[in-house]
Structure formats: structure tokens, C-alpha cells
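One-letter residues, chain by chain:
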Amino acid sequence: MANLYWIPKAWLIPLLPALAFPFIAFITRKARGLSALTAILAIGVSLVISLGVLWEVIAHGITMDNPVEYSTVWLQIPQLLKIEAGLLIDPLSAVMLLVVTLVAFLVEIYSIGYMEDDPGFSVFFAYLSLFGASMLGLVLANNYFMIYFFWELVGLCSYLLIGFWYHRAEAARAGFKAFVVNRLADFGFLLGFFFLFIIFHTFNFRELAAAIPAYHNVGLLTVAALLVFTGPIGKSAQFPLHVWLPDAMEGPTPVSALIHAATMVAAGVYLLARAYVLFASLPNVMLVVAYVGGFTAIFAATIAIAQRDIKRILAYSTISQLGYMVMAMGVGSMTAGIFHLTTHAFFKALLFLAAGSVIHALHEQDIFRMGGLYKDMKVTTVTFIIGALALAGIPPFAGFWSKDEILAAAYHNGFLGLYILGTLVAFLTAFYMFRLIFITFFGERRAGLHGHESPPVMTIPLGILALLSIFAGFVGTPFTARGFSTFVYYAAPHEVEPDYMVMALSTLVALAGIALAWWLYGRPSDLPERLKESYRWAYNLLWNKFYIDEFYLWIYRRIFWGLAEAFHWHDRHVVDGLWDGVGDVTRASGQKLRYLQTGNLQTYALVFFTAVVVIALWMAGMGGMIR
Amino acid sequence: MVNFGLLYMEIATAALGLMLLAWGLLVPKRERQGIAYLTAAGLLALLALAWCTRGAAGTVLPGYTIDLYSIYFKSLFLTAAFLATICSFDYVAKMGFNQGEYYALLVFATLGMMVLATSGELITLYLGLELMAITFYILVAYRLDDPKSAEAGIKYLLLGALSSAILLYGFSLIYGTCGSTVLREIGKRISSGQADFALLLGLIFVIAGFSFKVTAVPFHMWAPDVYEGAPTPITAFLSVGSKAAAFAALIRILFLGFDNQAFLWLPLVTVLSVLSMVLGNLVAIPQKNVKRLLAYSSVAQGGYLLLGIVSASLLGIGAILYYAMIYVFANMGAFMAATAFYNNDRSDEIKDYAGLARRAPLVAAVMLFSVASLAGIPPLAGFPGKLYLFSSVVARDYSYLWLALLGLLMSAVSVYYYLQIVKAMYTGNPAPQKGALQVSRGMEVAMLLVLGILFFLGIYPTPLTNYAFKAGETLFMP
């Protein structure tokens, strides 16, 4: 470890964008160009350091069992409490650092074009910097307390950015919704790691990893693990707390790309991986994780097939893919989950940015008002299709390899039901993505809208992400020697065996999905309308997202509101009355006690002596020493 | 063989004081402005010396031991004296006479505190106490043109003499029973011998005497009058320096000399702490004068600090050390703001602070964050301080939980009266003829320094915590 160069500098990775935030906010806010430059430079240098860190992790044989940790005590009360601030660098964090900095870097470049005319240009870059910094801090954290700190900061930034166009009521509401839903989940997470602290007296991941397997009170640990899992349920938008993510598309599209790919929803899956020892030691919790993930995957995929808004479709696809990742964690393959997180980050960022390019050109998000865009927007069309192929899991695109690994893991670890479900999701994914493509980019121009290709500052990031969507999967194919699975793993490294049956089947269903999409939407046909009419109830159910939002609203209005009324009355009349009384008494006693202070010297001396005598008598009596 | 080399801090401080005295007499009157800067520079140099030689350790005389504990407190006093000096620049210049004397007395008071905090032997300890007290009697009455100042001086002198008498009586009783004035020796003899009534009485007198200095209720009555009448920088120095020095000595006496009598003094200290927290905080509420308000707040703060003694643990001692240092910055900050205001408006009334935020944003901010730190609001340095103090009590024994809860409750009460000042500063309207405040550059720098430290130690308290706990540990080393 003697001659490490980049790894000891890893603390700069979150620090640089973090410094860019106040710098832009206070100094360069008036100068738009300088603000963008500051933000991009900061994240760019972080990207370079992240590359260096990843390279050194590989070159110096730093493995999951043999990480580098730097730590200093942040706050301590001897014997009671010790909270560290530290960095944990292992292959997992190294990979995540690269993914986050790379996606954030490309998104920020893209934003120069996308946000060009926005009056809040500089502030936008300041927020993006803080968002990136928070996520990078989260990735590097070596203990629960610190990860929670950045976890909350990520939540705050998402609130700021989703509601960036706060003058629009929907945007403000969406930001608020995201924040409230996440806070709800974060509270569970907070309780969860407090439980862990009470049991093990440490927040540190490695100390916990050493202590957890030796602990046998499964009941208590299960409670802690389930509470910790509520964090990812919120942040990674798992059922039933997925409701914030579709609304989060109210933010500017680059923000959506960032949230969906790198900086927000990834945090939940990353936490599962970081805390994996906790879950892996509890089979029952693993089962819960697996089924929550699996259910979310199919649930969101079915909703996506009926949506009309280009970003909303992508949003539900994200929820569905996150379900895949969580399911991978649950079926026991942390590697597959993180691998899919990585590839997904690239192609989902690509899809959102390409969709942003469309929106930028048309100022329209309803796909049924688009059509034939490939004639105007060649680069956007091609890159979007590459992203969709990767998402649909067509070999050899990146998404195929990672999804295949999840399905194989589910199949081989004995989760046959989840495997079938996962395959079905693959079919649905291919179908809704290509439904979107056929409607948006081909066919006739339904509303007569003409697009134009976006400037290079937007298309170049698209191109880079497209390349990554094609090639990033090769680091983890079953045919790659010493691939991803020997790099990021839990317990022991393992080589993935190719399972041709799983591969072939998932490819076939994906192709079937594309074919069905073409049959319904790729040619002039009134079949979709007829289907919609004859299965009105199913369509309505999907279009309204299973009425989950309505259900929550109903609970809120009927139950919480009623409760709140009762509490309000209680608060007004009982609590306030009580505390007003306490306040009055306190103030009045202050007024009265004040008269003890006479200003008279003799009184002071008298009080002094009286006090001494009283104390002497009291203590003598107590000591029983008056003989 | 007496090792005088180890007395370098005391000698250097005494030399600085004498030099200032001579300077004040020799230099022509109109050129005496420089003496304030000289004092500040000298104190800063001493502070640097204390930091560089923090590893020094050894025994000079039986019971007079140089260790990290004493060096920690010396640094604390020097910091307080330094800030008080900067605070005095304009204040004393406006009084217009005898600057050399003023600053020399300030330095001698610091020397007294140093001796008091270092000594583990009753006679030298008393010597330090008197050196500190007598210089303060003069300094408190320094505003010759103001009858309030003279009144404060007389009150402090008479009551101080009273408390000294009680204290000395206590010392003599202790010496009479144990036959030694060295605290460690006393500790050994008590553990072997039978405790008796004379010893108990001696202990009570000693605690009463020190309670006077730390303004613990019911021995606090001098504080509001003296704080109000004294020159503001002196009030500030008195409230942090004198109190910390008394705590340093009290901790030494109780834990080195009377450790195995804890069953006797613990209930007493608990009662003093409770009374101080409750009375100090409650009576602060109706106050109309900033200095009187801060006097009662100081009584309450003394009560919080006593909690550390109640915990009777290393954690508690470390907490006292940490909190005492933070208290220097927070209280000095508040008094600096009060001084800056007084220099301009010649008033200490809270109602006159109306609209200060618009007239002097920095002064208002310093006052705001200082009182917020005193109230223990994160992310300011007072928060970890109170966290340590309260958790030390809880860690001792869950049956003391009520005491920590009382502390929390009283902290909540304190927010009310602290915010009275803030409310006036930020929501009130300044009188129309009042312009911006004139604040000297040195004062501004010191204010910014205090603000920076309050925030830094609030966000990252560990460096000072480690130092304070290490200093606390050395106390218990044989």
C-alpha cells in the first residue's frame, strides 16, 4: 500500500463539487458561463480522481475483503458514543464513484444546452454540484451515521431540483412529495441504524460486518434490518413508496437523468450492497427484499405500457429496473444488483437525455402528439434506440448481460417464481420501450410537430453514453475472465457460469416484446384502440397506476385529516393551555424571585451566612455526625 | 531542590505585568495608546508559549504541579485575557487615564488565576485566589466617574472578603484535622483516618467559599450588581476567567483531597447545581439590562458546569474543561457585542438594542450566535458542551437522569431570555437618529475570530474534546 497516489486523494472527490456549490452560489452567480465551467471543472477533476482510484484498486489488488479505510473521529463522548468521519474504498465504492462522476459530468455538459435559456442557469449548476457531492460522499462513507448525513443531503438536493421550476404548481408539489415520501422512509432507516448502534455500539461498516455474524438475537436484528430496508424502499422507489419517482419528472430533464441514473435512486441499492452482511445473515429479510423487488418490477412494468408521457414511461421503467436490482440483492446476488445498477445508470441516463433532446426540440411530452421524428433528429433517434435495446436486454447491449445475471441468479438460487416473473418483466420492458419508439420516432407526424437536432453540447454526451450502453456490459459477461463478479462481490468471488437456457429465453421474450410493439404500433392499425375499448377496465387500472396515488390521497384525506383535526383540537386546548400555563408560571416566578435581589449589601451577607449554617446543619444531620 | 524553571509561565506573566506597569509610568501620556496593543501581543505570545510547552510536567513545590490540566487552564485564562484586552481598546481609551495600570492589573489577575488553577496546596492556592480577587476589586471599581462602578467595587470587596474569610476558616479546619495543606496528602490521611465534624465543617466552608466565586446559588447575590457596575470588559473577564479558575481549584480540592468523602459533598454540589440552574434561568427572564441578564445567565452556566462535578467521572471533568473553554468564547462574544454597543450608545438596556442588526450586522450576529451557543443550539460550540455535561450525568447513574432533564428544561427556558435580545436586535426598529455603529478594526477581527471558533468547534468539536479529556486525565495521575 506504500505507493498509492490516487486513493489517498479520494476525499477530494466529494469535496470539489461540494466547494463548487458555495462558490457558484456566492461568487459566480451573475456570470453564467463561469458558473457552468466551475461546476463541470469540479466534477471533471473528481471524475479523473475516480478513474485513478478505480485503476489503483485494480492494480494494487484491493478487494472487497481488503479495502482501504481512512477515518478520523468526528464527535465522541468517551465510552458512550463515537462517530467517525471516514472513507471506505473498495471495489464497490470505486465502481460507484466512477459511475456517479461520469454520469454527473455528462449530464452537466448536456445541461449547458438544455438549460441555456433558463434564468436560473447558475443556481441550477450549483444544485447539480451539491447533488453530485452528496452522492459521492454517500458512496465513500465508512459508517452509517455519515451515509445517513449524505443520504439526507441527497434528499434535500432532489427536493430543490425536482421543484426547480417552483413557480409551476405541479413542480413544487412534486418536489414536496418526493421529500415527504423520502423522509418517511428515512425515518425508518434512522431507527434501523440506531438499533444497530444500540446492539453493537458502532456505526462503522467493517466493525459491524465483523460483529453481525456472531450475534444471535435474530429477532432484534430482523427488526433492525427491516427498518434499514425502509431507507432503500423510499430512496430506490420500491413499492409501496414508489409514488414520488414518476412525479419527479416535473424537474428539468437533466435532473431526471441524474436522479434516475446516478445520484438518487442508486443510493438505495448501494446501501443494500453496503449493508449486505446485515441482510445476508437473515434469510427471512432476504426473502422480503427479493419479493418487494420482484413485485415492484412487474408492477411498474405493467403501468408503463399504458402511459402516454415520454418521461413518465421512462420513470416507470426505472422503478421496474430498480425492482430488478433489489430482487437481485434479495435472491443473494449482490454482484448482479450492482452490475445492473452500473449498466442501468448508463442507458437510463442516455434514455432520459435523449428524451430531453426530444422535449427540447418539441416542447411536448405526450408521445401521441409526436411521430416520425427520426427524419429530423437522427442522432437522438439512434442513441435512444441503442438505450432502448440495452434496457430491453437484447444482446450484446449492456443491459442484457446484467439482467441475464439477475435472472440466472434467481433461477439458480431456487427462486423459480421470481425467475418467471423477471422474464415476464423483460417481455413487458421490451414491449413498452418499443411502443414508445414506434410511436415517437416513426410513423406519421400526428400533431404536425417538427423537431430539430439538438446542439453538439447535448448530442456528444448522448454519443458517449450510447457507447457505454453498448460496451459497458462486457466487463461482466459470463465469458469475461476475471470479470465484474470477481471484483464486486459478497463473501467470496465467483465466476459466472453461462446459462444458455436463461440467455436464450430472455432474448426471445424481449424480441417477442419488440415484435408485439411493432405489430400494434409499428404499422398503421386501429388494433390498440380496439383493445383499449374492449378491455376498458384494465386500461383504466393501468392508466391510473393502480390508483395508488388516489388511495394514499384517500387515506390522507379521510384518516389522517380526521386524526389531525382531533390532534389539532387537543393541541390548541390541552397542550397549549398547559404550556401557556407553564410559561406564565415560569415568567411570574422569575418576576417574584427577582425581589430576592434587594441590592442591599447586608442582605447579601445575611443570605451568605444563613446558607452556610443551613448547609452545615443539613449535612451534619445527613452524616449523622452530631454527637 | 525547587525547580523554578517549571514556573516559566507564571514568571513570564508576572514579567509582562511589571513591564506594563513600568511602561505606563515611563512613557509620556499621549503615547500610551500602544500599551493596549502591547498587552494583546504579550498575552498572545504567552498563549503560544503555553501551547508549545504543553508537554511540560513536574513538581515545583509539594503540591504545586505543572501538568496538562494546569496548562489547559492557563491557556483558557490567557485566551480570556486576550479577548478582554481587545475588548478594552476603545473602552479604556475613552476613560482616558491610567491605561498602564489597567492592563497591568488585568495581567496580574490572569497570574492569580494561573496560580489558583495550578496549585494543589492550600496556602499557594489561597495566594492565587487573593491575587486574582484583589486585582478584580480594583478593576471592578475602575470607572471613577460612575457611582455604580464604585458601588459594585465596594460590594465585591466586602462580600469577597467575607467569602475569603469563610474559605480560610475552612482551610484552617482542614489543616487542623489532617495536619497537612497538600491536597494529595490530605486525601491519603482522610482515607486512613476517621472523618469528623470539624473536617466536614471545613469542607462545607471551602465549598461555600468557592461557590461564591463560581456564582452558585445562594452565594451568587453579588454577581448581578457587580456585573452591572463593572466596566464591561472586566465583567466579561470576571465571568469567564474567575469562574473557570475557581472551578479548576474546586475540582482539584474535591477530587484530590476529598475523593472518598464524595458521599458528603455530592448531595451538596447537586443542590447548588439545581438551585443555580433554576434560579439563574428564571430570574434572567424579567431582566431589562443586558449585563444583568448575562449575569444571571452566568449563574445558570455555573449550574451546568457543576453537573460535571456531580457526575464525578473523567467524562464529567473533561466536559467541564471543554465547556469552560467554549464558555470563554461564547460569553466573551456576547460581552464584546455589548461593549461595542456601549462604546457607541452609552447604554446597556435591552430596549436600546432595537434594530441593531441594521446598524451593525456583525455586532448583532456575534451577539446572536454567542447567546445561541450559550443556549446550546447546534451547530454552535455550546451544543456539544452541553451534550457532554448532560450525558456525563446520565452516564454516571440513571438515577441522575432527572438532573440532566432539568438541565435540558432550563436550557429551554434560557432560550426565551436569550432570544429577547435577539428579538430586539432583529425585529425592532432603531431610533431614527441612530446611525451605524463605530467598531474598531481590532474588535471586528476578534469578533470574527470568536464567530469562527464557535462554528468550527460546533461542527467539529473533537480536537478540543481530545485536548480537554487528556487534560482531565492528568489530574487523576499519581
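Procedures and definitions
- Residues numbered from 1 in each chain as written.
- Chains lettered and ligands numbered in written order.
- Predicted model: local features only at pLDDT ≥ 70, side-chain atom pairs only at ≥ 80, totals over all residues.
- Heavy atoms only, no water.
- Helix = DSSP H or I, 4+ residues; strand = E, 2+ residues; numbered from the N terminus.
- Rg over C-alpha atoms; globule rule 2.2 N^0.38 Å.
- Contact = heavy atoms within 4.5 Å.
- Areas by Shrake-Rupley, 256 points an atom, 1.4 Å probe, with all protein chains shown as cover.
- Lys, Arg positive; Asp, Glu negative; His and termini not counted.
- Charge placed at Lys NZ, Arg CZ, Asp CG, Glu CD.
- Buried < 20%, exposed > 50% of the residue type's maximum accessible area, 1.4 Å probe, protein only.
- Phe/Tyr/Trp six-rings, centres within 6.5 Å; stacked < 30°, edge-to-face > 60°.
- Buried area = accessible area lost by both parts, 1.4 Å probe.
- Salt bridge = Lys/Arg side-chain N within 4 Å of Asp/Glu carboxyl O.
- Polar contact = N/O pair within 3.5 Å; in protein donor to acceptor, adjacent residues only side chain to side chain.
- Nonpolar A, V, L, I, M, F, W, Y, C, P; charged D, E, K, R; others polar.
- Core = buried A, V, L, I, M, F, W, Y, C linked by side-chain atoms within 4.5 Å.
- Axes fitted to C-alpha atoms, helices over the stretch in contact; angles between N-to-C directions.
- Parallel < 35°, antiparallel > 145°, perpendicular 65-115°, else oblique.
- Patch = residues over 30% accessible without salt bridge, like charges linked within 9 Å, V, L, I, M, F, W, Y side chains within 5 Å.
- Left-handed = near helix turned anticlockwise from the far one by under 90°.
- Pairing = 2+ DSSP bridges.
- Expected span 1.5 Å × (residues − 1).
- pLDDT = per-residue confidence, 0-100.

K.L.:
Please clarify how the overall build of chain A should be interpreted in this entry.
P.N.:
Counting its secondary structure elements, chain A contains 24 helices and 2 strands. For a compact globule of 627 residues, the expected C-alpha radius of gyration is about 25 Å, and chain A comes in at 28 Å, within 12% of that figure. Overall, chain A is about 110 × 55 × 50 Å in size when its C-alpha atoms are taken along their principal axes. Restricting to contacts in chain A with at least 6 residues of sequence separation, those with at least 24 account for 80%. Accessible area for chain A stands at about 25,200 Å²; split by element, carbon and sulfur atoms hold 69% of it. Seen as two clouds, the 36 positive and the 36 negative side-chain charges of chain A have centres 5 Å apart.

K.L.:
Could you clarify how one ought to interpret the overall build of chain B in this entry?
P.N.:
Within chain B, the regular secondary structure consists of 19 helices and 2 strands. The C-alpha atoms of chain B give 21 Å as radius of gyration, which agrees with the globular expectation for 478 residues (23 Å, within 12%). Expressed along its principal axes, the backbone C-alpha trace of chain B runs to roughly 70 × 55 × 40 Å. Considering chain B as a whole, with its 478 residues, one finds that 66% of them fall into the buried category.

K.L.:
Which parts of the structure should I look at to understand the packing of aromatic side chains?
P.N.:
Ring pairs (aromatic) are described by centroid distance and by the angle formed between their planes. Applying the stated criterion across every chain, the model contains 62 aromatic pairs over all chains. Between Phe255(B) and Trp265(B) the ring centres are 5.5 Å apart and the planes differ by 80 degrees, which places this aromatic pair in the edge-to-face class. On the criterion of sequence distance, the pair formed by Phe255(B) in helix H10 (residues 232–257) and Trp265(B) in helix H11 (residues 262–284) is long-range, its members being 10 residues apart. For Trp265(B), a relative accessible area of 0% translates into the label buried. Taken together, the aromatic side chains of Trp74(A), Tyr144(A), Phe145(A), Tyr148(A), Trp151(A), Phe189(A), Phe193(A), Phe194(A), Phe197(A), Phe203(A) and Phe205(A) make up a single cluster linked through ring pairs.

K.L.:
Sorry, what's going on with the interface of chain B and chain A here?
P.N.:
In many reports, interface size means the accessible area that the parts give up when they come together. If you look at the interface, chain B gives 51 residues, while chain A gives 34 residues. For the pair chain B and chain A, the summed buried area comes to about 3,700 Å², and 79% of that belongs to carbon and sulfur atoms. Our count for the chain B to chain A interface comes out at 0 salt bridges. On the surface where chain B and chain A come into contact, there are 8 residue pairs in polar contact (both at pLDDT 80 or more). Those elements that provide at least two residues to the side of chain B that touches chain A are helix H6 (147–178), helix H8 (197–213), helix H9 (222–229), H11, helix H12 (290–311), helix H16 (382–396), helix H17 (401–427) and helix H19 (462–475) of chain B. The element best represented in the side of chain B that touches chain A is H11(B), accounting for 9 residues. Split into classes, the residues belonging to the side of chain B that touches chain A amount to 40 nonpolar, 7 polar and 4 charged.

K.L.:
I would appreciate a short explanation of the side chain of Thr342(A) in the present structure.
P.N.:
Residues and elements named next belong to chain A. The topology assignment puts Thr 342 in helix H15 (residues 334–362). We classify Thr 342 as buried; its relative accessible area is 10%. Residue contacts for Thr 342: discarding those within four places in its chain leaves Val 95, Val 99 and Phe 484.

K.L.:
So what exactly am I meant to see when it comes to unusual backbone geometry here?
P.N.:
Leaving glycine out, the prevailing phi sign among residues is negative, and the prevailing peptide bond configuration is trans. Of the consecutive residues Pro395(A) and Pro396(A), the connecting peptide bond is found in the cis state with omega at 5 degrees. With omega at 5 degrees, the peptide bond leading from Val217(B) into Pro218(B) counts as cis. Looking at the element boundaries, Pro218(B) is found in the loop between H8 and H9. One non-glycine residue, His201(A), adopts positive backbone phi at about 60 degrees. In this fold, His201(A) is placed in the loop between helix H6 (169–200) and helix H7 (205–211). If you check the backbone angles, Thr215(B) has positive phi at about 50 degrees while not being a glycine. Relative to the helices and strands, Thr215(B) is located in the loop between H8 and H9.

K.L.:
It is not clear to me how the nonpolar core should be interpreted in this structure. Could you clarify?
P.N.:
The tendency in soluble globular proteins is for nonpolar side chains to be buried side by side. Residues Tyr144(A), Phe210(B), Trp265(B) and Ile309(B) are the most contacted members of the largest nonpolar core, which totals 429 residues. Take this core: its biggest share by element is 23 residues, from helix H13 (residues 314–345) of chain B. In contact with Phe210(B), other than residues within four places in its own chain, are Leu116(B), Leu125(B), Leu129(B), Leu167(B), Ala246(B), Ala249(B), Leu250(B) and Ile253(B).

K.L.:
Sorry if this is basic, but what is going on with the packing of helix H4 (residues 121–140) of chain A against helix H10 (residues 253–263) of chain A here?
P.N.:
Any two packed helices are characterised by how steeply their axes cross, that is the angle between the axes, and by the distance between the axes. All names here are of chain A. Direction vectors running N to C along H4 and H10 enclose 5 degrees, while the axes themselves pass 12 Å from each other. With respect to H10, the element H4 is oriented roughly parallel. Within the contact between the two elements, H4 uses Phe 124, Leu 128, Phe 131, Gly 132 and Met 135 and H10 uses Pro 254, Val 255, Leu 258, Ile 259, Ala 262 and Thr 263. A class-by-class count of the residues in the contact of H4 with H10 yields 9 nonpolar, 2 polar and no charged.

K.L.:
Just to check I follow, could you spell out a nonpolar patch on the surface for this structure?
P.N.:
Residues Phe551(A), Leu553(A), Trp554(A), Tyr556(A), Ile559(A), Phe560(A), Trp561(A), Leu563(A) and Phe567(A) make up a contiguous nonpolar surface patch of about 970 Å² in total accessible area. Along the polypeptide, Ile559(A) turns up in helix H23 (residues 548–593).

K.L.:
What exactly am I supposed to notice about the environment of Ser88(B) here?
P.N.:
All names here are of chain B. Of note, Ser 88 is situated in helix H3 (residues 68–95). With a relative accessible area of 0%, Ser 88 lands in the buried category. Sequence spacing of Ser 88 and Gln 99 is 11 residues, and the spatial spacing of their C-alpha atoms is 10.0 Å.

K.L.:
What is the right way to look at the packing of helix H17 (residues 398–412) of chain A against helix H18 (residues 416–441) of chain A in this model?
P.N.:
Residue and element names in this part refer to chain A. For the pair H17 and H18, the least separation of the axes is 7 Å and the interaxial angle reads 155 degrees. The pairing of H17 with H18 is recorded here as roughly antiparallel in orientation. The interaxial crossing formed by H17 with H18 has left-handed handedness. In this structure, H17 contributes Lys 403, Leu 407, Ala 410 and Tyr 411 to the contact, and H18 contributes Leu 416, Tyr 419, Gly 422, Thr 423, Ala 426 and Thr 429. Of the residues contributing to the contact of H17 with H18, the split by class is 6 nonpolar, 3 polar and 1 charged.

K.L.:
Would you explain the environment of Pro119(A) in this entry?
P.N.:
Residue position: Pro119(A) is located in the loop between helix H3 (91–114) and H4. A sequence separation of 396 residues divides Pro119(A) from Ala515(A), and the C-alpha atoms of the two residues are 44 Å apart.

K.L.:
Help me out: how do you make sense of the pairing of strand E1 (residues 58–61) of chain B in this one?
P.N.:
Here is the key point about a regular strand: its side chains alternate between the two faces of the sheet. Residue and element names in this part refer to chain B. Pairing analysis gives 3 bridges linking E1 to strand E2 (residues 64–66), with the strands arranged antiparallel. Bridge pairing in E2 links Thr 59 to Thr 65. Hairpin geometry of E1 and E2 is characterised by an intervening segment of 2 residues between the two adjacent antiparallel strands and by a positive phi of about 90 degrees at Gly 63.

K.L.:
Explain H4(A) to me, please; I cannot follow it from the model alone.
P.N.:
For the α-helix, the turn length of 3.6 residues means that residues three or four positions removed from each other point alike. When the terminal C-alpha atoms of H4(A) are compared, their 29 Å separation across 20 residues agrees well with the 28 Å that a helix rising 1.5 Å per residue should span. By the criterion of burial, H4(A) is predominantly enclosed, with 18 of the 20 residues buried.

K.L.:
In this structure, what is going on with the pattern of salt bridges? I would like to understand it.
P.N.:
Side-chain pairing between opposite charges can occur once the charged atoms of the two side chains come close. Under the definition given, this model contains 20 salt bridges over all chains. Among the ionic pairs, Arg183(A) bridges to Glu152(A), the shortest N-O distance being 3.0 Å. Here Arg183(A) is found in helix H6, whereas its partner Glu152(A) is found in helix H5 (residues 144–162), with 31 residues between them in sequence. Residue Arg183(A) is classed as partly exposed on the basis of its relative accessible area, which comes to 29%. Linking Arg441(B) and Glu444(B) is a salt bridge whose minimum nitrogen-to-oxygen distance equals 3.6 Å.

K.L.:
What is the right way to look at the pairing of strand E2 (residues 81–89) of chain A in this model?
P.N.:
Residue and element names in this part refer to chain A. In the sheet, strand E1 (residues 68–77) pairs with E2 via 9 bridges, with the strands oriented antiparallel. Looking at E2, one finds that Val 73 is bridged to Glu 84. Where E1 folds back onto E2 in an antiparallel hairpin, the turn is made up of 3 residues, including Gln 79, whose phi is positive at roughly 70 degrees.

K.L.:
Help me understand the confidence of the model for chain B, please; the structure alone is not making it clear to me.
P.N.:
In low-pLDDT regions, the fine details of the predicted coordinates are not to be read closely. Model confidence for chain B is summarised by a mean pLDDT of 89, while 97% of its residues fall at 70 or above. Predicted complex, confidence summary: ipTM 0.86, pTM 0.82.

K.L.:
Can you help me understand the side chain of Ser163(B) in this one?
P.N.:
Inspection of the secondary structure puts Ser163(B) in helix H6. In this structure Ser163(B) comes out as buried when scored by relative accessible area, which is 2%. If we skip the residues at most four places from it in the chain, Ser163(B) touches Phe608(A), Gly209(B) and Phe212(B).

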